[in-house]
Amino acid sequence: MPLSNLNEEQLSAATCKRGYNLIIASAGTGKTSTIVGRIANLINNNIKPEEILLLTFTNKAAAEMVTRVGKVFGKDVAKKIMAGTFHSVSYKLLKQLNINITLKQPSELKTLFKSLYEKRVFYDRSDEANPYDGGYLYDRYSLYLNSNEGENFTSWILKKSPDHELYTAIYEDVILEFNELKIKYGYANFDDLLTIMLDTLKEHEFDFKEILVDEYQDTNPLQGRLLDAFKPKSLFCVGDYDQSIYAFNGSDIGIISTFSKRYEDAKVFTLRKNYRSSKPILDLATKVIEYNERVYEKHLQVMRTDVSVAPKLLAFTELFQQYHHISELISNSGTPHNEIAIIFRNNSSADGIEANLREYGIPAKRKGGMSFFDSVEIKYILDIMVMQLIHNDMMAFIHILEYGKGIGKAIAKDIFDALTKLGHGNIFKGLFHPDEKINNPFETNRVKNIQLGLFDDFLELGSVSKFKNCGFEEAFLSNPILKHPKLSIDGAKYIYDFYLLMKQVQRIKNPQSMVNSIAGSMLYSKIRDFLATKRATQKDGTVNSIQKTKALAKINRKVMLLRTLSKNFQELSKFLNSVILGGGEMSEGEGVNLLSVHASKGLEFKEVYVIDLMDGRFPNRKLMSKGGSLEEERRLFYVAVTRAKDILYLSYAKYDKIKKMDFIHSPFLKEAGLIRNEET
């Protein structure tokens, strides 16, 4: 039973009186067991499973907890618990209310945002600052949504960047147009799910008897408002202020630190017994983190006595000498590869170590950079599948067409708008059966407005005669989209391949069959060859044939993995929603784990290497200058070292011969007592 396996502190927390309860659970103190125990206690006390809301940082964590509950009460009971991330739970609840939403990854809507932004001209410019580029403005707007305290975007941006006042009218207008388009097409990214849910809770109530929140220290103001909007009768929040590491994403450590002030009769419980790390590892982590201000007092007790290996500092003259030596240590280690993790603060560190591991023939899987589902070759297949589900999906259409030679985002959007007009709102109708009465589908109604950066964008029609010997079907050749003046022969041929594939896959409903059909098409073979060629092109412009063969093999492996994932689904909509909501949590391959500190959160390994511990890299001074803090960098260090159970290596180098840069050791190494003078 979940409760019988808990220690005294965990049991006290899990069985506490319903109300507002905060559980401080440091790394390795058994927070998951405590949360599962709490759910068991609620069910034992006649709380129905459907009256329990469990909010976690990842869907994987939610699934693990629900599975553990199911082992005691049965799967049918456990699956009634509403569980998942703030985003996935919001999506499920909005679906229950029949609120129509088309989920999009942030990177997809960023493309739309940039296409709107790039149509603007900043006629007036400030001497103090240049305007943000479109991608950065999108990121700032996302951060605003997650971290604002009620002010409008202009007030928020001016508080952070007062020298951008001249540009705020254009910024606001781009955001307005962006939000109008999202509403028009029913698009929503992760930020939108929470804001829509927040508005929905003003009119609808859900009768949850208790809400449990995991990783509470990483809650941001938007999530905090959403939590309060549920009007919880009882809260059970579990977290550790020493592991609050998502300030860059808007999380606010003040939310956990003010819990007892914000909720009446709040109770705070502390889990002190650490079951994960050996005493030397935990002593080092504690020594460093105590340089941060203590929010709630805690004194951890080490429960393991079987291992007592002191953490080892590795110092190197040169950066790549470090990566080479670590690869050698791993090749001689008796620890299974899947029980080894290399943890880094910056992605550039991972590139170096990954290359050296490959030289030693050591398999590795990397998480914390680009998601498998964000890779072009996979995203391309998914976008074609999305278009079978939602014909008028502008983002999917732009992503597919922009890879045609000479097309790009701007022309792709022009063609989407034209097909929409030709099909009276249905782009497939515009593609296959265009309205013959519309001769110029590219006419726009844009009005010039210097203050908002808008300009006239008139298109003169081109001739379709250049396409007559391309072998196109007559129905396609007569389509007015071919009159776009900037459309080349290669671009038209690409659109024709798209046209043929759309005709073919329209009849397919099964996700795996659709993946097979797309992957075997002429259109995808061109994309595959284009990507492999690009990845094998050397600095002098020549293509390395061996590298191209490897790149093709890697693309094919990814397609095979997608095919394997899709076979578990019979419905296209369920497969695509699963990918969007949980795709970032799936990792590919086997071997040594290469992890950013953020990606390592919640995991544990027998043997851990924390690399590139040089001042500037870790702590990352560049990010600190953009609003980070030394305290958060120290919490990142604490998270990294507490992933280790038995063996911990900390390493740094004094020089990078490629960038010709000198380094000094991270201040955290001195705080840990591993460096006793400035010369080492």
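Cut-offs and rules
Residues numbered from 1 in each chain as written. Predicted model: local features only at pLDDT ≥ 70, side-chain atom pairs only at ≥ 80, totals over all residues. Heavy atoms only, no water. UniProt positions renumbered as here; feature names shortened; annotations may be inferred. Helix = DSSP H or I, 4+ residues; strand = E, 2+ residues; numbered from the N terminus. Buried < 20%, exposed > 50% of the residue type's maximum accessible area, 1.4 Å probe, protein only. Contact = heavy atoms within 4.5 Å. Patch = residues over 30% accessible without salt bridge, like charges linked within 9 Å, V, L, I, M, F, W, Y side chains within 5 Å. Areas by Shrake-Rupley, 256 points an atom, 1.4 Å probe, with all protein chains shown as cover. Salt bridge = Lys/Arg side-chain N within 4 Å of Asp/Glu carboxyl O. Lys, Arg positive; Asp, Glu negative; His and termini not counted. Charge placed at Lys NZ, Arg CZ, Asp CG, Glu CD. Axes fitted to C-alpha atoms, helices over the stretch in contact; angles between N-to-C directions. Parallel < 35°, antiparallel > 145°, perpendicular 65-115°, else oblique. Left-handed = near helix turned anticlockwise from the far one by under 90°. Nonpolar A, V, L, I, M, F, W, Y, C, P; charged D, E, K, R; others polar.

In the nomenclature of an unreviewed UniProt entry, the chain corresponds to DNA 3'-5' helicase from the organism Halarcobacter anaerophilus. Checking UniProt for the chain, the heading Sequence similarities (unreviewed entry) contains the comment "Belongs to the helicase family. UvrD subfamily."

Another point: unusual backbone geometry. The step from F618 to P619 runs through a cis peptide bond, and the omega angle for that step is 15°. Tracing the backbone through its elements, the reader meets P619 in the loop between β15 (605-610) and α28 (621-625). The residue D265 is not glycine, and still its phi comes out positive at about 60°. Inspection of the secondary structure puts D265 in the loop between α13 (259-262) and β8 (267-271). According to the relative accessible area criterion, D265 is exposed, its value standing at 62%.

Here I353 shows up in helix α16 (residues 347-359). Expressed as a C-alpha distance, the spacing of I353 and D192, which sit 161 residues apart in the sequence, is 37 Å. Beyond its immediate chain neighbours, meaning those up to four positions away, I353 contacts Y323, I326, S327, I342, L594 and I611.

A cluster of basic residues, R358, K550, K554 and R557, forms a positive patch on the protein surface. Counting residues per element, the positive patch draws most heavily on helix α25 (residues 545-566), which supplies 3 residues. Tracing the chain through its elements places K550 in helix α25. What makes K550 exposed here is its relative accessible area of 52%.

A separate point is the packing of helix α18 (residues 394-401) against helix α19 (residues 408-422). Interaxial distance between α18 and α19 falls to 9 Å at its minimum, and their mutual angle equals 130°. Of the possible angle classes, the one that applies to α18 and α19 is oblique. As for how α18 packs across α19, the hand of that crossing is right-handed. Contacts between α18 and α19 involve M394, F397, I398 and L401 from the former and K409, A412, K413, I415, F416 and L419 from the latter. Its residues assigned to classes, the contact of α18 with α19 comprises 8 nonpolar, no polar and 2 charged.

When two helices pack together, you describe them by how their axes are tilted relative to each other and by the distance separating the axes. Two elements in contact, helix α2 (residues 31-44) and helix α3 (residues 59-73), have axes whose closest approach is 10 Å; the angle formed by their N-to-C orientations is 45°. As judged from the angle between their axes, α2 and α3 are oblique. Between α2 and α3 the crossing geometry is right-handed. Contacts from T32, S33, I35, V36, I39, A40, I43 and N44 of α2 reach α3 at E64, M65, R68, V69 and F73. Its residues assigned to classes, the contact of α2 with α3 shows 8 nonpolar, 3 polar and 2 charged.

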